[in-house]
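# Inside the fold
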Amino acid sequence: MIYHFTLILTGVEAHTPGLENALFECGCDDALLCFYGDSVYLEFDRDGDSFEQAVLSAIADIEGGALPARVVAVDATLLGLSDIAQRSQLSRQAVAMLKDGTRGPGRFPAPVQRLAGHSPLWRWASVARWLHENGKLSDELAENAQVMENINLALALRETPQRQYVTQLAARLDRAAGKEEAI
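This report concerns the structure included in the present document. (Residues numbered from 1 in each chain as written. Predicted model: local features only at pLDDT ≥ 70, side-chain atom pairs only at ≥ 80, totals over all residues. Heavy atoms only, no water.)

As a further point, take the overall build of the protein. When you go through the protein residue by residue, the secondary structure sums to seven helices and six strands. Ordered by position from the N terminus, the helices and strands of the protein form the series β-α-β-β-α-β-β-α-α-β-α-α-α. Principal axes of the C-alpha set define a box for the protein whose edges measure 55 × 40 × 35 Å. Residues counted as buried form 36% of the 183 residues belonging to the protein. Pairs at least 24 residues apart make up 57% of the contacts formed inside the protein by residues separated by at least 6 positions. For the protein, the computed accessible surface area is about 10900 Å², with 51% contributed by carbon and sulfur atoms. Counting 16 positive and 25 negative side-chain charges, the protein places the centres of these two groups 12 Å from one another. (Helix = DSSP H or I, 4+ residues; strand = E, 2+ residues; numbered from the N terminus. Buried < 20%, exposed > 50% of the residue type's maximum accessible area, 1.4 Å probe, protein only. Contact = heavy atoms within 4.5 Å. Areas by Shrake-Rupley, 256 points an atom, 1.4 Å probe, with all protein chains shown as cover. Lys, Arg positive; Asp, Glu negative; His and termini not counted. Charge placed at Lys NZ, Arg CZ, Asp CG, Glu CD.)

Pasting the structure below:
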């Protein structure tokens, strides 16, 4: 199956010598090289047994190549209403009505950032799960949204110099909430 996703890179820039050839040589011939200013990202259409396998193989190809590139994110996991509409193939108005409870069963997930602003952001994995549970999104897309969020959490954790502290903090938060899960 072919999976479409975006990988955002660090360690290389738009003007990095030989960037396109090096990415091709490391196995990224199924990606479109894109730039946002000097930032580099790759739009993949990769064949894989699963979404997770496709993404992880692309990351391994990039990071195993000759470039000093590292993947810092897979797509975006925090989205506004317009992005939610695009990913779910619903109109923005339909998504706004679902959010407001004027359409559908209500209880749309709460935004997680920029709550006081005019452009709040939602976790795509939560919204995708809710849309799936309410017949608006396929099971596969909802599962892929959760996989993408998990990969992004792992990428963010490996990039932080305080990795051990963050892991310990998560365990402390679980204990404070009365959860006895091991991390």
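Anyway, onward from the coordinates.
On to the sheet that holds strand 4 (residues 70–74), then. Pairing within the open sheet is antiparallel, and its four strands lie in the order 2-3-1-4. Each having just a single partner strand, strand 2 (31–36) and strand 4 make up the two edges of the open sheet. Going from strand to strand, the sheet's axes swing by 35° on average, the running direction of each strand aside. Two elements, strand 1 (residues 2–10) and strand 3 (residues 39–47), share eight bridges in a ladder whose sense is antiparallel. Within the sheet, the bridge partner assigned to threonine 6 lies in strand 3 and is glutamate 43. Sitting on the sheet, helix 2 (residues 51–63) touches strand 1, strand 3 and strand 4, and the angle it makes with strand 1 is about 35°. Helix 6 (residues 139–159) rests against strand 1 and strand 4 of the sheet, and its axis sits at about 140° to strand 4. (Pairing = 2+ DSSP bridges. Axes fitted to C-alpha atoms, helices over the stretch in contact; angles between N-to-C directions.)

One pass over the structure, following the stated rule, counts five aromatic pairs. Here the aromatic rings of phenylalanine 5 and phenylalanine 44 are separated by 5.2 Å at their centres, their planes lie at 10°, and the arrangement is stacked. Taken as a pair, phenylalanine 5 in strand 1 and phenylalanine 44 in strand 3 lie far apart in primary sequence, 39 residues in all. Centroid distance phenylalanine 108 to tryptophan 130: 5.0 Å. Interplanar angle 70°. Geometry classified as edge-to-face. With a gap of 22 residues between them, phenylalanine 108 in the loop between helix 4 (92–100) and strand 6 (122–123) and tryptophan 130 in helix 5 (residues 124–133) connect regions that are remote in the sequence. According to the relative accessible area criterion, phenylalanine 108 is buried, its value standing at 10%. In this structure tryptophan 130 comes out as buried when scored by relative accessible area, which is 8%. (Phe/Tyr/Trp six-rings, centres within 6.5 Å; stacked < 30°, edge-to-face > 60°.)

Right, let's get into the nonpolar core. If you look at the biggest cluster of nonpolar residues, it comprises 44 residues, and the most contacted ones within it are Phe5, Leu7, Ile62 and Trp124. Once residues lying within four places of it in the same chain are set aside, the contact partners of tryptophan 124 are Thr77, Leu79, Ile84, Arg87, Ser88, Leu131, Leu137, Ala145 and Met148. (Core = buried A, V, L, I, M, F, W, Y, C linked by side-chain atoms within 4.5 Å.)

End to end, helix 7 (residues 163–176) covers 20 Å across 14 residues, agreeing with the expected 20 Å (1.5 Å per residue, within 8%). Phi turns positive one or two residues past the end of helix 7, at glycine 178, with a value near 85°. (Expected span 1.5 Å × (residues − 1).)

At a minimum axis distance of 8 Å, the contact between helix 3 (residues 81–88) and helix 4 shows a crossing angle of 110°. Classified by the angle between their axes, helix 3 and helix 4 sit roughly perpendicular to one another. The two elements helix 3 and helix 4 cross, and the hand of that crossing is right-handed. For the pair helix 3 and helix 4, the contacting residues are Leu81, Ser82, Ile84, Ala85 and Ser88 in the first and Arg92, Val95, Ala96 and Lys99 in the second. (Parallel < 35°, antiparallel > 145°, perpendicular 65-115°, else oblique. Left-handed = near helix turned anticlockwise from the far one by under 90°.)

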